[in-house]
Amino acid sequence: MARVVSRRFCWFAAAAMAGIAFGAVPPAAAPSGQLIDHVWAGHPVGFALLTERGHQFVAYYDSERKLTVLGRKLPDGKWARIQPEGVPRPTRKRASNELGWDSHNSLRLALDRDGRLHLSGNMHVDPLVYYRTREPFDVATLERLDRMTGEREQRCTYPLFFRNAGGELLFRYRDGQSGNGADIYNIYDTASRTWRRLLDTPLLEGEGERNAYAHEPALGPDGRFHLVWVWRETPDCATNHTLSYARSRDLVHWENSRGEPLPLPITLRTGEVIDPAKPGGGLINMTFNLGFDAAKRPLVVYHRYDAQHRSQAYLARPRSDAGGARDWEVHALSNWDFTWAFSGGGSIAAEVRIASPRLERDGNLLIDFTTKAVGAGRWRVRPDTLEVIASLPPPPTTLPRELRKPAAAGMELHTLASGFNGRRYYLRWETLPPNRDRPRASAPPPSELRFYEFAEADVGAVREL
């Protein structure tokens, strides 16, 4: 049975998160935050923080690698802690609620319209791992469910909860494996508490030859959902290729940027191509992002190699001419002289990150970046030509030094942020870097999972990369 413990924690104000630029913050000693648990530090894996409708939830793996969930009512309700039960996974030599060495096994949380909590994760080509609470907002009633629809749920990866324009809860996952997979979409019926397929087919189909790596469908200012993805031929990350695009008003009927319907499932042959980069061309599924310009057109930033095989950042946008023909205009943002050379399988560290384009008040665009080779910065871009008009230093930060750097050498800092009702909340923990999902000979001691809270008014513009 699941173990449930009630806890009441003190909370301390702080403005803290690595990789975020803050406005002026009153001088103060470095905040200590609140220690809420010790967590596995042998490799990174995504935790979850959800703050919604006056409640707050955290999902993580504890020091023994056990799936753990916290929940409380804001602003200062008692916490409940639960470790939901699992089932044996003989091929993995662990239970479904225990973490191995795989950095793909991130956790996802969502609330449905009735306030019941949904949790999925700890899957990399594994049978579906899914939990739901019997009672609204009550983690003590979290139960394991062995199915959603019962079909194509034996080889699941990359769970994602999100909502359509009507607020209905959806769930996307990959059926299959890297180099051979399809993206499946489910929709939840609150009245019957059941899931069904949103689409009769996968949305993105690799046809047994490849798979797609897509971002979450993003609801744009034009009222459409926009989807960007790359294809991959094999588990080797160097075989990413063909940056692609589609859009939809209802997530059921899809079209290209010209408004022409796309038959489902979308395949390599039928999808709209932003950049036809070939395998080995530098496209990578962890480094592309989506934004919008003042005319509500999609903007896609991404990494690939130039003609000299150097790493560069690019910005793309649909383009139309007087005759109505339309494709994508692509502009280089960088002029770097290094190459992020990646290949092979397993989880790797991102040596280039590019943030979504953001509109300034004057209509110009700001794009932040960070690299292992040359550091961080930002570009100011003209909205009409997409040309870089200024290369700027990274935004300043007043983050205390103690919170910007890992406590121990060789460790990486990880953070999650959420906000509610004028408050901002952060989780902070540390791990060793990725190890391509392979076991290490030894692991460091468990890391502190600390929580910070502060008033939103204490912090100026928050810039997340």
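Residues numbered from 1 in each chain as written. Predicted model: local features only at pLDDT ≥ 70, side-chain atom pairs only at ≥ 80, totals over all residues. Heavy atoms only, no water.

### Re the overall build of the protein chain
Just so we agree on the cut-off: Strands are runs of DSSP state E lasting at least 2 residues, helices are runs of H or I lasting at least 4, and numbering of each runs from the N terminus. Any residue under 20% of the maximum accessible area for its type is buried, any over 50% is exposed, and the rest in between are partly exposed; the area is computed with a 1.4 Å probe on protein chains only. In what follows, a contact means two residues having at least one pair of non-hydrogen atoms within 4.5 Å. Only the protein chains shown count as cover for residues, and all accessible areas are computed by the Shrake-Rupley method using a 1.4 Å probe.
Check the secondary structure of the protein chain and you find one helix and 38 strands. The 465 residues of the protein chain split such that 54% are buried. For the protein chain, the share of sequence-separated contacts (at least 6 apart) that also reach a separation of at least 24 residues comes to 55%. When the accessible area of the protein chain is evaluated, it comes to approximately 20100 Å², of which 49% is carbon and sulfur surface.

### Examining the sheet that holds strand 37 (residues 447-455)
To keep things clear, this is the line we draw: A pair of strands is considered paired only if DSSP assigns at least 2 bridges between the two. Every axis corresponds to a line fitted to the C-alpha atoms, with the helix fit spanning only the stretch in contact, and the corresponding angles, defined between N-to-C directions, vary from 0 to 180 degrees.
Spatially, 3-37-36-35 is the arrangement adopted by the four strands of the open sheet, whose pairing is antiparallel. Each edge of the open sheet is held by one strand with a lone partner, namely strand 3 (34-39) and strand 35 (412-420). Strand-to-strand, the axes of this sheet are offset by a mean angle of 20 degrees, without reference to chain direction. Inspection of the sheet shows strand 3 paired to strand 37 by five bridges, in the antiparallel sense. For Val 39, the partnering residue across the bridge sits in strand 37 and is Ser 447.

### With respect to the sheet that holds strand 14 (residues 142-145)
What holds strands together in a sheet is hydrogen bonding between their backbones, with the strands either parallel or antiparallel. Here four strands make up an open sheet; going across it, the order is 10-11-13-14 and the pairing antiparallel. Bordering the open sheet on either side are strand 10 (107-111) and strand 14, each of which pairs with just one other strand. This sheet shows a mean twist of 20 degrees between the axes of neighbouring strands, independent of strand direction. Where strand 10 and strand 11 (residues 117-121) come together, five bridges link them in antiparallel fashion. Of the residues in strand 11, the one forming a bridge with Arg 108 is Ser 120.

### Examining the pattern of salt bridges
It is possible for side chains of opposite charge to pair when their charged atoms get near one another. Quick note on the threshold: Salt bridges are identified by distance alone: a Lys or Arg side-chain nitrogen within 4 Å of an Asp or Glu carboxyl oxygen.
All chains considered together, the criterion is met by 32 salt bridges. For Arg 224, the salt bridge is made with Glu 255, and the minimal N-O distance between the two is 3.6 Å. In this pair, Arg 224 sits in the loop between strand 21 (218-219) and strand 22 (225-232) while Glu 255 sits in strand 24 (residues 254-255), placing the two residues 31 residues apart along the sequence. Glu 430 is the partner of Arg 428 in a salt bridge, and the nearest nitrogen-oxygen pair spans 3.1 Å. Classification of Arg 428 as buried rests on a relative accessible area of 12%. Since its relative accessible area comes to 8%, Glu 430 is described here as buried.

### Structural notes on the environment of Phe 225
If you trace the backbone, Phe 225 turns up in strand 22. In this structure Phe 225 comes out as buried when scored by relative accessible area, which is 2%. Note: C-alpha distance between Phe 225 and Ala 165 (60 residues apart in sequence) is 8.7 Å.

### A few points about empty space enclosed by the protein
The line we're drawing: The way it works is a 1 Å grid over only the protein atoms, where trapped points that fit a 1.4 Å probe form a cavity and open points with protein on both sides within 12 Å along at least five of seven lines form a pocket, and then any residue with an atom within 4 Å of a point lines it. Grid points are joined across faces, edges and corners, and a volume is the space filled by probe spheres set on the points. Side-chain classes follow a simple rule in which Ala, Val, Leu, Ile, Met, Phe, Trp, Tyr, Cys and Pro form the nonpolar group, Asp, Glu, Lys and Arg form the charged group, and the remainder, Gly included, forms the polar group.
Under the counting rule described, the total for this entry stands at one cavity of 30 Å³ or more. One number sums up the size of the largest cavity: a volume of about 30 Å³. Lining the largest cavity, in full, are Leu 111, Asp 112, Arg 113, Arg 163, Gly 167, Glu 168, Leu 169, Tyr 188 and Thr 190. Residue composition of the lining of the largest cavity, by class: three nonpolar, two polar and four charged.

### Quick notes on the side chain of Thr 149
Heads up, the rule is: Here a polar contact means two N or O atoms within 3.5 Å. Within protein one must be a hydrogen donor candidate and the other an acceptor candidate, and residues neighboring in sequence count only if both atoms are side-chain atoms.
Looking at the element boundaries, Thr 149 is found in the loop between strand 14 and strand 15 (156-163). Residue classification places Thr 149 among the buried positions, given a relative accessible area of 15%. Engagement of the side chain of Thr 149 in a polar contact is seen with the side chain of Arg 197, the distance being 3.2 Å. In this view, Thr 149 contacts Asn 186, Trp 195, Arg 196 and Arg 197; residues no more than four positions away in its chain are not counted.

### Some points on the confidence of the model for the protein chain
For clarity, the cut-off: pLDDT is defined as a per-residue confidence score from the predictor, taking values between 0 and 100.
Across the protein chain, pLDDT averages 90, with 89% of residues at or above 70. In the model, residues 1-29 has pLDDT below 50 throughout and makes 96 contacts with residues more than four positions away in sequence or in other chains. pLDDT under 50 marks residues 459-465. Its contacts with residues more than four places away, or in other chains, come to 30 contacts.

### Some thoughts on the packing of aromatic side chains
In plain terms, the rule: For Phe, Tyr and Trp, rings pair up if their centres lie within 6.5 Å, where Trp contributes its six-membered ring, and each pair is then called stacked (planes under 30 degrees apart), edge-to-face (over 60) or tilted (otherwise). Geometrically, a lysine NZ or arginine CZ counts as sitting over a ring once it is within 6 Å of the ring centre and also within 35 degrees of the ring normal.
One pass over the structure, following the stated rule, counts 24 aromatic pairs. Summarising the aromatic geometry, the rings of Trp 336 and Trp 379 are spaced 5.8 Å apart at their centres and angled 40 degrees between planes, so their arrangement reads as tilted. Taken together, the residues span a long stretch of sequence, with Trp 336 in the loop between strand 29 (326-332) and strand 30 (352-354) and Trp 379 in strand 33 (residues 375-381) at a distance of 43 residues. Comparing Trp 336 with Trp 379 shows no difference in burial state: the two are buried. Among the aromatic residues, ring-to-ring pairing joins Tyr 130, Phe 161, Phe 171, Tyr 173, Tyr 188 and Trp 195 into one connected group. Above the face of the Trp 40 ring, Arg 65 is positioned so that its terminal group lies 3.9 Å from the ring centre.

### Quick notes on unusual backbone geometry
Between Leu 74 and the following residue, Pro 75, the backbone shows a cis peptide bond with an omega angle of 5 degrees. Mapped onto the elements of the fold, Pro 75 is located in the loop between strand 6 (67-73) and strand 7 (79-83). With an omega dihedral of -5 degrees, the bond running from Leu 264 to Pro 265 counts as a cis peptide bond. Note that Pro 265 resides in the loop between strand 24 and strand 25 (272-275). One non-glycine residue, Arg 53, lies in the positive phi region at around 55 degrees. Secondary-structure assignment places Arg 53 in the loop between strand 4 (48-52) and strand 5 (55-61). Look at Arg 53 and you get partly exposed, because its relative accessible area is 35%.

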